[in-house]
Amino acid sequence: MIRVERTFVVRRPLPELVAYLEDFAHTEEWDPGTVRCARLDGGPVAPGARWHNTSRFRDRTTELEYRLTVREPARLVFVGENRTVTAVDDLRFVDEGTDTRLTYRASLAFKGLARLAAPFLRAEFERLADGVSARLPAAAEARSS
């Protein structure tokens, strides 16, 4: 399993930042690996909501179906799966007045033969996490909820 974590401050109040990030389709704006992400169901975003995510990694495209599993005032958890990996994005928020401290944790559990590649992929996932911490604050600050 690969786990990466970054903590950074976003100049948005906590409720606005959670409202922005709870729609996983916004990963197109802040996740450097995401090519496309579209909601698969309708209605308000709530646990059980699903998205189809297309990402590019190492010059290959991969598709995962993500679902929101936890939606709390200061935490969001998304779980994505396909036949080779289970990905978990765990976002935790701390109110700092007009700003929010966000801890972004991503973990990837590879399945089958793909598990053998995990040790060789850590550095690339660390770079992707660096990209998230660079892009997410600007994307969220530029957007109104």
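Residues numbered from 1 in each chain as written. Predicted model: local features only at pLDDT ≥ 70, side-chain atom pairs only at ≥ 80, totals over all residues. Heavy atoms only, no water.

**Q** Could you give me a rundown of the nonpolar core, with the residues and numbers involved?
**A** Generally speaking, a soluble globular protein has its nonpolar side chains buried in company with each other. If you look at the biggest cluster of nonpolar residues, it comprises 37 residues, and the most contacted ones within it are L21, F93 and L136. Contributing elements (two or more residues each) for this core: β1 (2-10), α1 (14-21), β3 (50-57), β4 (60-72), β5 (75-81), β6 (85-96), β7 (99-110) and α3 (118-142). Ranked by residue count, the leading element in this core is α3, at 7 residues. With residues near it in sequence (within four places) discarded, L136 still touches F8, V10, L21, W30 and L102. (Core = buried A, V, L, I, M, F, W, Y, C linked by side-chain atoms within 4.5 Å. Buried < 20%, exposed > 50% of the residue type's maximum accessible area, 1.4 Å probe, protein only. Helix = DSSP H or I, 4+ residues; strand = E, 2+ residues; numbered from the N terminus. Contact = heavy atoms within 4.5 Å.)

**Q** Break down the pattern of salt bridges for me, with residues and values.
**A** Considering all chains together, one arrives at 14 salt bridges under this definition. We note a salt bridge from R12 to E16, for which the minimum N-O separation is 3.0 Å. Residues joined by salt bridges that share partners form a network here, namely R6, E126 and D130. (Salt bridge = Lys/Arg side-chain N within 4 Å of Asp/Glu carboxyl O.)

**Q** Before we move on, can you summarise the packing of aromatic side chains with the specific residues and values?
**A** In this structure the tally under the stated criterion is 6 aromatic pairs. Plain terms: the ring middles of F24 and F78 are 4.5 Å apart, the flat faces sit at 35° to each other, and that makes the pair tilted. With a gap of 54 residues between them, F24 in the loop between α1 and α2 (27-30) and F78 in strand β5 connect regions that are remote in the sequence. For the residue pair F24 and F78, the accessibility class agrees, reading buried in each case. By way of ring pairs, the aromatic residues F24, W51, Y66 and F78 are connected into one cluster. Positioned above the aromatic ring of W51, the side-chain terminus of R39 is 5.5 Å from the ring centre. (Phe/Tyr/Trp six-rings, centres within 6.5 Å; stacked < 30°, edge-to-face > 60°. Lys NZ or Arg CZ within 6 Å of the ring centre and 35° of its normal.)

**Q** Quick rundown of the environment of K111? Include the residues and the values.
**A** Along the chain, the position of K111 falls in the loop between β7 and α3. Taking the relative accessible area as the measure of exposure, K111 reaches 29% and is therefore partly exposed. Linking K111 and E72, residues 39 residues apart in sequence, is a C-alpha distance of 29 Å. Excluding residues within four positions of it along the chain, K111 makes contact with E81, N82, R83, T84, V85 and T86.

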